[in-house]
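Next come the chains, spelled out residue by residue.
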Amino acid sequence: METMKYEEALCQLDEIVQKMERNEYSIDELTTQLKKAKELIKQCKDRLTKTDEDIKKILDEDK
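Residues numbered from 1 in each chain as written. Predicted model: local features only at pLDDT ≥ 70, side-chain atom pairs only at ≥ 80, totals over all residues. Heavy atoms only, no water.

Trainee: Before we go on, may I ask you to explain unusual backbone geometry in this structure?
Mentor: The general pattern is negative phi for most residues beyond glycine and trans for most peptide bonds. Even without glycine at this site, Asn 23 takes up a positive phi of about 55 degrees. On the secondary structure map, Asn 23 appears in the loop between helix H1 (6-21) and helix H2 (27-61). (Helix = DSSP H or I, 4+ residues; strand = E, 2+ residues; numbered from the N terminus.)

What follows is the structure, given as structure tokens:
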């Protein structure tokens with residue numbers, strides 16, 4: 001899966017979750033969408049971790 005903007009990944013993840021909650025996926029689609037959701041969660045988590053590290057570096061430069 002290609003890397004996308006955080007907001008894009010979060011939007012896609014939200015869409016998958018909503019469809020799961022409404023039982024809109026067949027059993028075959030469910031596995032595929034769950035794998036996609038897992039990758040989107042990882043991308044979002046990685047992006048948040050990197051952003052947090054960048055902010056800490058910036059704040060530490062002023063000390």
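Here the narrative resumes.
Trainee: Could you clarify how one ought to interpret the environment of Lys 35 in this entry?
Mentor: On the secondary structure map, Lys 35 appears in helix H2. Separated by 19 residues in sequence, Lys 35 and Ile 16 have C-alpha atoms that sit 11 Å apart.

Trainee: Before we go on, may I ask you to explain the state of the cysteines in this structure?
Mentor: Covalent bonding between the sulfur atoms of two cysteines defines a disulfide. Taken as a whole and assessed by the stated rule, the structure comprises 0 disulfides. Residue Cys 11 stays outside any disulfide, its sulfur separated by 11 Å from that of Cys 44, the closest cysteine. (Disulfide = S-S within 2.5 Å.)

Trainee: Would you explain the side chain of Gln 33 in this entry?
Mentor: Within the secondary structure layout, Gln 33 lies in helix H2. A residue is classified by how much of its surface remains accessible, and Gln 33, at 17% relative accessible area, is buried. (Buried < 20%, exposed > 50% of the residue type's maximum accessible area, 1.4 Å probe, protein only.)

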